[in-house]
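Residues per chain are reported as follows:
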Amino acid sequence: MHHITSLKSVSKELAQGLKVLKGRIEAADISPSQLDESFNLATWNIREFGKTSRSVAAIHYIAEILGQFDLIAVGELRDDLRDLARVLQILGPYWKAVYSDAVMDPGGNRERIAYIYDKRQISFNGMASAAYSPRTKKGTEWIPDSTWWRPPYIASFKSGNFDFVVLSTHIRWGEKESGRTEELSNLAKWVDDKVKLIKKGGKSWTHRDIFVMGDFNIPSRRSPLFDAITSRGLQIPNALLHQAFGSNLEKNKWYDQILHLPGYPDNFSNKGGVLDFYCGDHTPLFDKLTKQQFTYQISDHLPLWIQVNTDIDGFELDQIIKKS
């Protein structure tokens, strides 16, 4: 982490705040990844990131939090990317980002999604795109069967010899919860249809594993909304099945999720959870701000993470033996 060598000098107050934050991160017990053996995957909705310029302290805090993981899907990134550039500068030269275009209408809220990754652990494989809705021919035109409130963003990566795809989204809030059901069901169907195409020999996507994550605006895993997103086979990794608390600051909502359709049965470790940087008190980080103001400096969401095993040689050898 390049806190000291960044363009802005670190004040005494910021140094004290960083020490508090580091202590909270240590208490979260995030297992370090190991090169060619594992990586830490996270999703974090950073509230209105880029709408207005963050303070120097907020940029350092956000970088410190992101630096605990190897690949992070960042939601609510806005069209203005200058704060993202400030964070990447503190993270250091090994950190890169690939991001979607912003949806500029009021419904899209000028939002985009970014994947931020440490290239020492993660390689970008070249594919990044919005998830296009299936189309049906009507007359001479091909018309989308449905539309996304904000298009999910999909990208391909590799860690060691483990190829995978990540798809991240920010599901609409809407006037009521039931208004999210159709979009969640459509997303589940989109993933299922894509995987079935691969199994039939489709050549456009050769990766075996897909991770689906982001802010689904699902209040509980007992909600019909959770049934909608898991209706086509998406699963919670075992390490998150008994997640102790939610990913909002009050820790009572399960808005953020990491789900998967695994190509390899044992590619998850038993390590994962929520990084609680808030710990019920924002004042050691920003003593002059209200809690609401704090959420616009850091976020009103906590990062959700999972450790992924990437050493799949044993599984590949077993598959060869079974076929022979």
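Shown above is the structure to which this text applies.
The shown structure was predicted, so the numbers you read here are calculated from the model rather than taken from an experiment.

In this section: the pattern of salt bridges. According to the stated counting rule, one finds 14 salt bridges in the structure shown. Salt-bridge contacts for Asp300 lead to Arg47; the nearest nitrogen and oxygen are separated by 3.7 Å. Of this pair, Asp300 sits in the loop between helix H7 (291-297) and strand E13 (304-309) while Arg47 sits in strand E1 (residues 38-49), and the two are 253 residues apart along the sequence. When its relative accessible area of 23% is taken as the criterion, Asp300 is described as partly exposed. Salt-bridge contacts for Arg86 lead to Asp83; the nearest nitrogen and oxygen are separated by 2.7 Å. Of this pair, Arg86 and Asp83 are both found in helix H3 (residues 82-91), three residues apart, which corresponds to roughly one turn of the helix. On the accessibility criterion, Asp83 (5% relative accessible area) is buried. What you see here is one network of salt bridges that share partners, running through Glu48, Lys51 and Arg78.

Pairing between sheet strands relies on hydrogen bonds along the backbone, with the strands arranged either parallel or antiparallel. Strand order in this open sheet of five strands is E5-E8-E9-E10-E11, and the pairing throughout is mixed. In this open sheet, the two edge strands, each paired with only one partner strand, are strand E5 (123-130) and strand E11 (256-261). Neighbouring strand axes in the sheet, compared pairwise and without regard to direction, differ in orientation by 20° on average. Of the pairings in the sheet, the one linking strand E10 (residues 209-215) to E11 comprises six bridges and is antiparallel in character. What sits directly across from Ile210, in E11, is Leu261.

Inspection of the entire model under this criterion finds one cavity of 30 Å³ or more. Put simply, the largest cavity is a space of about 60 Å³. What lines the largest cavity is a set of 13 residues, among which Gly75, Ser168, Thr169, Gly214 and Asp215 lie closest to the centre. At the level of secondary structure, the elements contributing two or more residues to the lining of the largest cavity comprise E1, strand E2 (71-78), strand E9 (162-170) and E10. Taken together, the residues of the lining of the largest cavity sort by class into four nonpolar, seven polar and two charged.

The rules behind the values
- Residues numbered from 1 in each chain as written.
- Predicted model: local features only at pLDDT ≥ 70, side-chain atom pairs only at ≥ 80, totals over all residues.
- Heavy atoms only, no water.
- Salt bridge = Lys/Arg side-chain N within 4 Å of Asp/Glu carboxyl O.
- Helix = DSSP H or I, 4+ residues; strand = E, 2+ residues; numbered from the N terminus.
- Buried < 20%, exposed > 50% of the residue type's maximum accessible area, 1.4 Å probe, protein only.
- Pairing = 2+ DSSP bridges.
- Axes fitted to C-alpha atoms, helices over the stretch in contact; angles between N-to-C directions.
- 1 Å grid on protein atoms, 1.4 Å probe; cavity = no way out; pocket = protein on both sides within 12 Å on 5 of 7 lines; lining within 4 Å.
- Points joined across faces, edges and corners; volume = space filled by probe spheres on them.
- Nonpolar A, V, L, I, M, F, W, Y, C, P; charged D, E, K, R; others polar.

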